[in-house]
Amino acid sequence: MKKVFVFCLLVAVNSYGQKKNIKQAPSISAATELSGLKESTLKFLDASYLKDKQTALQIWDYAELGYKETKSAALHVQNLKDAGFTVETGVAGIPTAFVATYGSGSPVIGILAEYDALPGLAQEAIAEKKSIEGKVGGHGCGHHLFGTASVSAGIAIKKLIEEKKISGTIKVYGCPAEEGGSGKVYMVREGLFNNVDAVIHWHPDDENKVYMTSFIANKSAKFKFYGISSHAAMSPENGRSSLDAVEAMNNMANMMREHIPQETRIHYVITNGGKAPNVVPDYAEVYYYIRHPKREVTVDVFDRITKAAEGAALGTGTTMQYEIVGGTHDLLINKTLASLMQENLEKVGGVVYTEEEKAFGKKLQASFFNKAPAIEEASTIKPLQKETNAGGGSSDVSDVSYVVPTVGLEAATWIPGTSAHSWQAVASGGTEIGTKGMLVASKTMALTAIDLFSKPAVIVKAKEEFIKSVGDYKYKPLLGDRKPALNYRD
């Protein structure tokens, strides 16, 4: 049955290519015409820059956490509606998720947009560490730029479809809670990417390059322990400490590190450890991430961690329940699409700083733990690398890559040498250093989309590569059938 299924998919791919060439080929017959389309799109995005910068900095100021991005999502939705998109909100059971659509027919190209912030990173847009009072979050991963660039690129493509310079369908996906909430996984599970031919994404970074390194798989959960409260001095024998259970679990997990594949990553934070030292805690909670380049190893280690939690409960006389919070696959690289995007990134070029921005950047670099690269590296484009199996982070973009050919880039929105999830990243992202890099991303994504609308053979080749990459694996969400964890940041 599996061989028949793959054969049918290949037939469908080839049929798509033939139909595109015969009936749906856009009115772009020469390289000069394609080049003209791209040049006009670059000018359109340059003209949109001031508005896009305003949008990005407004969302930087909102700094809303995962599944709570009410104002951020609404701003993107309004901009898309104003541009003429039909927008469906509240998709996949998530109030802040949306799908914006314009056009009809094939190809169907998707662009991913994110907009969630991180807790504990409220930082002013200055080159020294200074928190913003009253704020709980900050855009330490640059998703205020991510979403804005993606929406802008989508609007640029909509304009070309509207003017009948290309034909097909453009979709912009509003994807909340990437930071641990696995928002896209629910959207994939809901079938929102069915019948999409290719998906484009990007991410803020400190350099400009096309993704050729896979994300690592991730499975996360909150382990909740229930004990018995008592006076910690007068009658400790009557209590059963849930915090003891958390600490016992953590000790076992830390000992386990010696006996698991070395590429594995285990992270945890105690999210509730009791309220007062003189009260035996009757409730405690610890939040775990388990990661590995291979999804099957991730699942295996996660299962062993749950056994440690069960043992901790047994040994401390408490009870334990756990709630899966998120789960993401490793990323499938599509070299066909990556080569195409690389050409467009090189055409767009990197980020050039003013003297004032260079001075800001050097002051920021002085706070780095390690020696920083030259400021000028932000203006360069990294050559396309060979595909590698594992990077240092995880993303729910990976799950999209298991159902549709997917390609992405990084753009220099942070001063070279900046670490993600840092106050320095928040500071850069709140200035024109960040929004200049955002423009690199919107331009590269739009030009890549133009190629996909104009070159049906590329989509055919990308789909053939995708089918080989997936192989016999049948996609299954690592987070199971749970509903979206809308309160995971509470």
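See the structure shown above.
Bear in mind that the values here come from a model prediction, so they are computed numbers and not experimental data. (Residues numbered from 1 in each chain as written. Predicted model: local features only at pLDDT ≥ 70, side-chain atom pairs only at ≥ 80, totals over all residues. Heavy atoms only, no water.)

(A) Looking closely at the overall build of the protein. Summing up its helical and strand segments, the protein has 13 helices and 13 strands in all. Oriented by its inertia axes, the alpha-carbon framework of the protein measures out at about 85 × 65 × 40 Å. Looking at the protein residue by residue over its 490 residues, the buried ones come to 57%. A sequence separation of at least 24 residues applies to 83% of the contacts in the protein between residues at least 6 apart. Just so you have it, the protein exposes about 21,000 Å², and 53% of that area is on carbon and sulfur atoms. For the protein, the centre of its 54 positive side-chain charges and the centre of its 54 negative side-chain charges are spaced 5 Å apart. (Helix = DSSP H or I, 4+ residues; strand = E, 2+ residues; numbered from the N terminus. Buried < 20%, exposed > 50% of the residue type's maximum accessible area, 1.4 Å probe, protein only. Contact = heavy atoms within 4.5 Å. Areas by Shrake-Rupley, 256 points an atom, 1.4 Å probe, with all protein chains shown as cover. Lys, Arg positive; Asp, Glu negative; His and termini not counted. Charge placed at Lys NZ, Arg CZ, Asp CG, Glu CD.)

(B) The packing of aromatic side chains, seen in detail. Summed over the entire model, instances satisfying the criterion amount to 14 aromatic pairs. For the pair F98 and Y115, a centre-to-centre distance of 6.1 Å together with 5 degrees between the ring planes defines the contact as stacked. Residue F98 is located in strand β2 (residues 98–103), and its partner Y115 is located in the loop between β3 (108–114) and β4 (118–119); the two are separated by 17 residues in the primary sequence. Note on accessibility: F98 and Y115 belong to one class, buried. An angle of 70 degrees between the planes, with centres 6.0 Å apart, marks the rings of F302 and Y322 as edge-to-face. Taken together, the residues span a long stretch of sequence, with F302 in helix α7 (residues 295–316) and Y322 in strand β12 (residues 319–328) at a distance of 20 residues. Residue classification places Y322 among the partly exposed residues on the basis of a relative accessible area of 40%. The cationic tip of K158 hangs over the ring face of Y102; the distance from NZ or CZ to the ring centre is 5.2 Å. Above the face of the Y473 ring, R295 is positioned so that its terminal group lies 3.7 Å from the ring centre. (Phe/Tyr/Trp six-rings, centres within 6.5 Å; stacked < 30°, edge-to-face > 60°. Lys NZ or Arg CZ within 6 Å of the ring centre and 35° of its normal.)

(C) Fine view of the pattern of salt bridges. The final tally for this structure, using the stated rule, is 25 salt bridges. In this structure, the salt-bridge partner of E114 is K184, at a minimum N-O distance of 2.5 Å. Of this pair, E114 sits in strand β3 while K184 sits in helix α5 (residues 183–189), and the two are 70 residues apart along the sequence. As far as burial versus exposure is concerned, E114 and K184 are alike and both buried. A salt bridge links K382 to E207; the shortest N-O distance between them is 4.0 Å. Placement of the pair is K382 in the loop between α9 (355–365) and α10 (397–401) and E207 in the loop between β7 (198–205) and β8 (209–210), with a sequence separation of 175 residues. (Salt bridge = Lys/Arg side-chain N within 4 Å of Asp/Glu carboxyl O.)

(D) Structural view of the sheet that holds β12. If you walk across this open sheet you meet the four strands as β10-β11-β9-β12, and the pairing is antiparallel. At either end of the open sheet lies a strand with only one pairing partner, and these are β10 (265–272) and β12. With direction set aside, neighbouring strand axes in the sheet form an average angle of 20 degrees. In the sheet, β10 pairs with strand β11 (residues 283–292) via seven bridges, with the strands oriented antiparallel. Within β11, the residue paired with V269 across the bridge is Y287. Contacts from helix α6 (residues 242–256) reach β9 (217–226), β10 and β11 within the one sheet, and its direction differs from that of β11 by about 20 degrees. Sitting on the sheet, α7 is in contact with β9, β10, β11 and β12, with an inclination near 10 degrees to β9. (Pairing = 2+ DSSP bridges. Axes fitted to C-alpha atoms, helices over the stretch in contact; angles between N-to-C directions.)

(E) Local environment of the packing of helix α8 (residues 335–348) against helix α13 (residues 456–470). The interhelical angle for the contact between α8 and α13, taken along N-to-C directions, is 135 degrees, at an axis separation of 8 Å. Considered as vectors, α8 and α13 are oriented oblique to each other. When α8 is examined against α13, the residues K335, T336, L337 and L340 are found in contact with a partner set consisting of V458, K461, A462 and E465. Of the residues contributing to the contact of α8 with α13, the split by class is four nonpolar, one polar and three charged. (Parallel < 35°, antiparallel > 145°, perpendicular 65-115°, else oblique. Nonpolar A, V, L, I, M, F, W, Y, C, P; charged D, E, K, R; others polar.)

(F) Representation of the side chain of T336 in the model. Secondary-structure assignment places T336 in helix α8. On the basis of relative accessible area, T336 is assigned to the buried category, the value being 13%. Filtering out sequence-adjacent residues up to four positions away, T336 remains in contact with V458, K461, A462 and E465.

(G) Fine view of unusual backbone geometry. The omega torsion across S106 and P107 is -5 degrees, close enough to zero to call that bond cis. Among the structural elements, P107 can be located in the loop between β2 and β3. Within the chain, H421 stands out as a residue other than glycine whose phi angle is a positive 60 degrees. With respect to the helices and strands, H421 occurs in the loop between β13 (406–412) and α11 (423–429). Using a relative accessible area of 42% as the deciding quantity, one classes H421 as partly exposed.

(H) Structural detail: empty space enclosed by the protein. Across all of its chains, the model carries four cavities of 30 Å³ or more by this definition. Of the pockets and cavities examined, the largest cavity occupies roughly 50 Å³. Lining the largest cavity are H201, Y211, L331, L332, I333, N334, A338, T406, V407 and G408. Top element by residues in the lining of the largest cavity is β13. It accounts for three residues. Classifying every residue of the lining of the largest cavity by side-chain character gives six nonpolar, four polar and no charged. (1 Å grid on protein atoms, 1.4 Å probe; cavity = no way out; pocket = protein on both sides within 12 Å on 5 of 7 lines; lining within 4 Å. Points joined across faces, edges and corners; volume = space filled by probe spheres on them.)

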